[in-house]
Every structure is written in structure tokens, then in C-alpha cells.
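Listed below are the residues making up each chain.
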Amino acid sequence: VLLPVYVLISIVIPLLAISSGRSLGMRYRRELAGVKTQILESVYGIRDIQIFSYGAERLSEIDRQNDRINKASHGLLMHRQIVSTLPTFFVYAARVLIIWAAVRLTAQGQGQPIGTVVLSAMAGASFSSTFSLTQVVTNLLEAFAAAERLFLLEDEKSKVAEPRDPVSPGKIRSLEFRDVSFSYDSQGGSILSGLSFSCEGSERIGIQGESGAGKSTIFRLLLRFWDPDDGEILINGIPISSIATEELYRRIAVLEQDTFLIDGTLAENIALGRPEASREEIMEAAKRAGLHEFIMSLPGGYDTPMGQMSQRLSGGERQRVGIARVMLKDPDVVIMDEPTSSLDVLHEKELLDTVKKVYADKLVLIISHRASTLSGCDRTIRLEKGRIR
Ligand code: ADP
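Below: a short report on this structure. (Residues numbered from 1 in each chain as written. Predicted model: local features only at pLDDT ≥ 70, side-chain atom pairs only at ≥ 80, totals over all residues. Heavy atoms only, no water.)

### Looking at the state of the cysteines
Turning to step 1, where the next piece is worked out: According to the stated counting rule, one finds zero disulfides in the structure shown.
Turning to step 2, where the next piece is worked out: Free cysteine: C199, not disulfide-bonded; nearest cysteine sulfur from C377 at 11 Å.
Turning to step 3, where the next piece is worked out: Judged by its relative accessible area of 13%, C377 falls in the buried class. (Disulfide = S-S within 2.5 Å. Buried < 20%, exposed > 50% of the residue type's maximum accessible area, 1.4 Å probe, protein only.)

Quick look at the structure:
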């Protein structure tokens, strides 16, 4: 009599609970991620939101998203209530079944009144452990949904394949783009077409071109974020696809338009690429990047927390943190992508003079649309629609 009830409570109901609650859990997680993204975006973009008087609209967007998350959470709670109430219903049904069986046995002259009472009490107690199984399942629905989102991310295929037997190029002495063509997606137009150039030693190469000409794409290919559709990129004559990306990142450093500061101290920010660097090494890098006096003028010096301070650093000071950071990492190649775009002419010249001094022994690629940024380069490659002009 009790067997079907056990099967129902410990197997059928948990399985049904999982299959019926899966989409509810997913929906809740999706809405939760949505509201988190919206709040993060609003915090990061608060200046633009205020300047463009977008605050009220943004708040109502967050309200709408909150409504959606409340609905999703309500659905999940309802499901949890139903799933946890169902087993109780079947336990009572089991008791009725026991009494029904006892009545039948009594009618056949085999009645056992004490046995019936004991069995009825035991059935209730023994079901309590199977109850928790259903509880666990409903509590896990959200975790299943969160895990599913993580697995989706993990299953995402990388755009490039790591080499099976990586070859180490040693110190980078030369770089070559040989007839390289590339487009970001098959439908999109070609970004680079048959691009060829090479550089070596401690040359300082400028890459100039209008916005959208494909300049930054060159450094993304050099760091193997993507592989070219055609042609080859060679480092010391070795195809880039045979070199482990980890080694590429170690040997090539990028200084972008703006230096990202982490929520640590100034010293930690400078030592981002080499956390084990000593305080003396950090100070030496800051001195050479022309940042030491500024740091010493801060009340906390090198231990000034950047969380509160980062907005008070000028564009030039942030870039100097970036220069010191790259210097400490000591790569073979430095790529600078519009390094002075946020600076005026005077500060641009100062920064470029610093770069010239501190990276004198490195191969430097400077990407810019401004002729003034590239004036100190040994040679300039002019890009137009993905081709050398
Ligand atoms: P530049 O640095 O010269 O301004 P980019 O190399 O950044 O130009 O971009 C060249 C072209 O490729 C642009 O038209 C840009 O919109 C497009 N592009 C850049 N990144 C991506 C991407 N991740 N996916 C699709 N298109 C992209």
C-alpha cells in the first residue's frame, strides 16, 4: 500500500518539480542578472545620465526591471509552495490508505488494530526524510539555473585554438604581418585586406589612419584575440598560432587610450602586471614614468587607495600609471593605442618624451590618427580601409 506513495514522494514529485521549475529558475536568474547589469551601468554612467537628464527615465527602467524580477520571484515561490505541499497531501492520503487496508483485512477476519496504529504513526515519521528531498530539489532550482548560465559560458568556444605543442619565440626581435586579411564576421566587410609590414629591433613604428581604418584590429590580431582569415603573422619568423597566448601576453603589453585603475592602492595599480615587485622597483618605475613627485604629494603616497582617488587623477597622470605599469612588466613589445587622445598638445609632448626615454630598448607600435602623436616615430604606416596607403 505504501510503496506507490514512497515512489511518488521520493521520485516522481522531485523529478516533476525539477522539470516544471527549470524555466522558472532560469527566468528568475535572467531577470536578476538584468537588474544587476542595469544598476552597474547606472553607477558607472552616472555622469552621462545626469548630464543628459536621463535620471528619471533610468529610474523607471529600473522599476520596470524590478517588476519583472518580482513576477519571476513570485512564480518561483508559488512553485516552491505547491511542490512542498504536495508530499504532505500524499502522506495524509497514505494514512487513509492504511486505514482502508486495515478495514479490508478486518472484514476478512485478519484485523490488527495495534499494528494499524503503529504502522500509521511510522508511515508519517518515515515520510519526513523523503520530504526533505523535495525541499532540497526546490531550493536547488535557482542553483541549477545559475549553474546552467555558468556552463553556457564555459561551453563557449574560443575564437582561437591554443597550439598543442607551443613554440617559445624567446625575446621578440621582429614582427611581420604577411598578406593579412581579416573581417570580424563573415557577413561584415573586410577590415584588413592583404596587409603586409614588418618591424624589428627597437624600432618605433607609427600606425596612422582615420577612425575605423582597422588600426586597433592590428593589435587585437597581434595578441591573438582573433586569427586572420588569410595570411600570416610571424614573431621572430614563427607563426603566431604556434605560440601560447599566455606567452604573447607576457611579451607584448598594451597601453590604451585610458588606463584602467583597479580598486587598490597606487602601488598595487602600478604593480598590476607584476604583483611580486618590490616597493623599490615600483618607485623606480614611477620615477621613470614621471609620476613619483605627484605620488609623494598625495597624503597616502604610494598607499593612496585608488577607489576614492581615481576620479581625481588627470588623464595624463592615469596614462603615466599605465606607462609605469608596462615598464614594471618589462615586455619586449609595447603597443600604444591612441595613448595621448585625452591629452592637450603640451601634455602629449611630455608624455611622448617620457615614452621615448623609458621604452628606448623596446619595439614600440604607436597607433594614432593624430600626426603629432606619431611625429617621433622612426617610420609610419598609413592605413586606409585596411590597406597600406
Ligand atoms: P580603428 O582603431 O582604426 O579606429 P578598429 O580596428 O577599432 O578601427 O575597427 C575597424 C572596424 O572594425 C570598425 O568599423 C569597427 O566598427 C569594426 N570592429 C571593431 N571591433 C569589432 C568587433 N569586435 N566586432 C565587429 N566589428 C568590429
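Next, the rest of the story.
### Examining the site of the ligand
Turning to step 1, where the next piece is worked out: Y184, I191, E210, S211, G212, A213, G214, K215, S216, T217, R220 and W226 make up every residue found near the ligand.
Turning to step 2, where the next piece is worked out: Within the backbone of G212, an N or O atom sits 2.7 Å from an oxygen atom of the ligand.
Turning to step 3, where the next piece is worked out: Taken together, the residues that form the shell around the ligand break down as four nonpolar, five polar and three charged. (Near = heavy atom within 4 Å. Polar contact = N/O pair within 3.5 Å; in protein donor to acceptor, adjacent residues only side chain to side chain. Nonpolar A, V, L, I, M, F, W, Y, C, P; charged D, E, K, R; others polar.)

### Quick word on the pattern of salt bridges
Turning to step 1, where the next piece is worked out: Under the counting rule described, the total for this entry stands at 19 salt bridges.
Turning to step 2, where the next piece is worked out: Between R224 and D227 there is a salt bridge, with its nearest N and O atoms 2.9 Å apart.
Turning to step 3, where the next piece is worked out: By relative accessible area, D227 is classed as partly exposed at 26%.
Turning to step 4, where the next piece is worked out: Here R250 makes a salt bridge to E246, at a shortest N to O gap of 3.9 Å. With R250 and E246 both in helix α6 (residues 245–251) and four residues apart, this pair spans about one turn of that helix.
Turning to step 5, where the next piece is worked out: Within the structure, one salt-bridge network assembled from shared partners comprises E41, R58 and E61. (Salt bridge = Lys/Arg side-chain N within 4 Å of Asp/Glu carboxyl O. Helix = DSSP H or I, 4+ residues; strand = E, 2+ residues; numbered from the N terminus.)

### Side note on helix α11 (residues 315–329)
Turning to step 1, where the next piece is worked out: An ideal rise of 1.5 Å per residue puts 21 Å on 15 residues; α11 measures up with 21 Å between its terminal C-alpha atoms.
Turning to step 2, where the next piece is worked out: Along α11, twelve of the 15 residues are buried, which leaves the element largely enclosed by surrounding structure.
Turning to step 3, where the next piece is worked out: Those residues of α11 that are buried are in contact with β6 (252–255), α7 (266–270), α8 (279–288), β7 (333–337) and α12 (345–358).
Turning to step 4, where the next piece is worked out: Of the residues trailing α11, D330 is marked for its positive phi of about 55°. (Expected span 1.5 Å × (residues − 1). Contact = heavy atoms within 4.5 Å.)

Fair warning: the whole summary comes from geometry, so function is off the table for now.
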